[in-house]
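A closer look at the structure
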Amino acid sequence: MATDMTPYFIGWSILIGASFLLSLVAFFWSRSVLGFFSSFLLSVMLFVFLIIPAPIPNYQGYFAPAYVVFVFETFFQTKGSSALSGQVLILALGTVFILMVAGRYFSIKKKR
């Protein structure tokens, strides 16, 4: 499989790898304090927060991490449109949280 190694592709690859490592470190550091499920939930939420993409306004076809777009459009643009990136973040984090809690609930219910 030939992949065009553009800087855009390399940047996203590095972001995904670094986010995975950071969430793995967060999991192992918080596991003794929070317990397995809570630390796993925290690490997955952190991973999703760091990699969820949002479209960059005025740059069709390009995406950036939603938190970067949200912060940049909110604080550094005079007429920034941060609504879409904020909605993407809330929807993604809410969906992951609900799916993980539901999975935990059904796994506990199945064991009984």
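Below is a short write-up of the structure.

Conventions used here
Residues numbered from 1 in each chain as written. Predicted model: local features only at pLDDT ≥ 70, side-chain atom pairs only at ≥ 80, totals over all residues. Heavy atoms only, no water. Axes fitted to C-alpha atoms, helices over the stretch in contact; angles between N-to-C directions. Helix = DSSP H or I, 4+ residues; strand = E, 2+ residues; numbered from the N terminus. Parallel < 35°, antiparallel > 145°, perpendicular 65-115°, else oblique. Left-handed = near helix turned anticlockwise from the far one by under 90°. Contact = heavy atoms within 4.5 Å. Nonpolar A, V, L, I, M, F, W, Y, C, P; charged D, E, K, R; others polar. Patch = residues over 30% accessible without salt bridge, like charges linked within 9 Å, V, L, I, M, F, W, Y side chains within 5 Å. Areas by Shrake-Rupley, 256 points an atom, 1.4 Å probe, with all protein chains shown as cover. Salt bridge = Lys/Arg side-chain N within 4 Å of Asp/Glu carboxyl O. Buried < 20%, exposed > 50% of the residue type's maximum accessible area, 1.4 Å probe, protein only. Phe/Tyr/Trp six-rings, centres within 6.5 Å; stacked < 30°, edge-to-face > 60°.

**Concerning the packing of helix α1 (residues 7-34) against helix α2 (residues 36-51)**
Between α1 and α2, whose axes approach to 8 Å, the crossing angle comes to 160°. Classified by the interaxial angle, the pair formed by α1 and α2 is roughly antiparallel. Note on packing geometry: the crossing formed by α1 with α2 is right-handed. Residues W12, L15, I16, S19, F20, L22, S23, A26, F27, S30, R31 and L34 of α1 lie in contact with α2, whose contacting residues are F36, S38, S39, F40, L42, S43, L46, F47, L50 and I51. Counted by class, the contact of α1 with α2 contains 15 nonpolar, six polar and one charged residues.

**A few points about a nonpolar patch on the surface**
A contiguous nonpolar surface patch, about 520 Å² in accessible area, is contributed by F70, V71, F72, F75 and F76. Take F75: it is sitting in helix α3 (residues 66-75). We classify F75 as exposed; its relative accessible area is 61%.

**Points about the side chain of S19**
The topology assignment puts S19 in helix α1. Filtering out sequence-adjacent residues up to four positions away, S19 remains in contact with F47, L50 and I51.

**Concerning unusual backbone geometry**
Of note, the phi angle at N58 is positive, near 70°, even though the residue is not glycine. Mapped onto the elements of the fold, N58 is located in the loop between β1 (53-55) and β2 (63-65).

**Describing the packing of aromatic side chains**
How two aromatic rings sit relative to each other is given by the distance of their centres and the angle of their planes. Applying the stated rule across the entire model yields eight aromatic pairs. Centre to centre, the rings of F27 and F36 are 5.5 Å apart; their planes meet at 90°, and the pair counts as edge-to-face. Owing to a relative accessible area of 9%, F27 belongs among the buried residues under this scheme. Of the residues examined, F36 reaches a relative accessible area of 54% and is grouped as exposed. Ring geometry for F36 against F40: centres 6.1 Å apart, planes inclined by 0°, an arrangement best described as stacked. One end of the pair, F36, and the other, F40, are both in helix α2, four residues apart, so they sit about a helical turn from each other.

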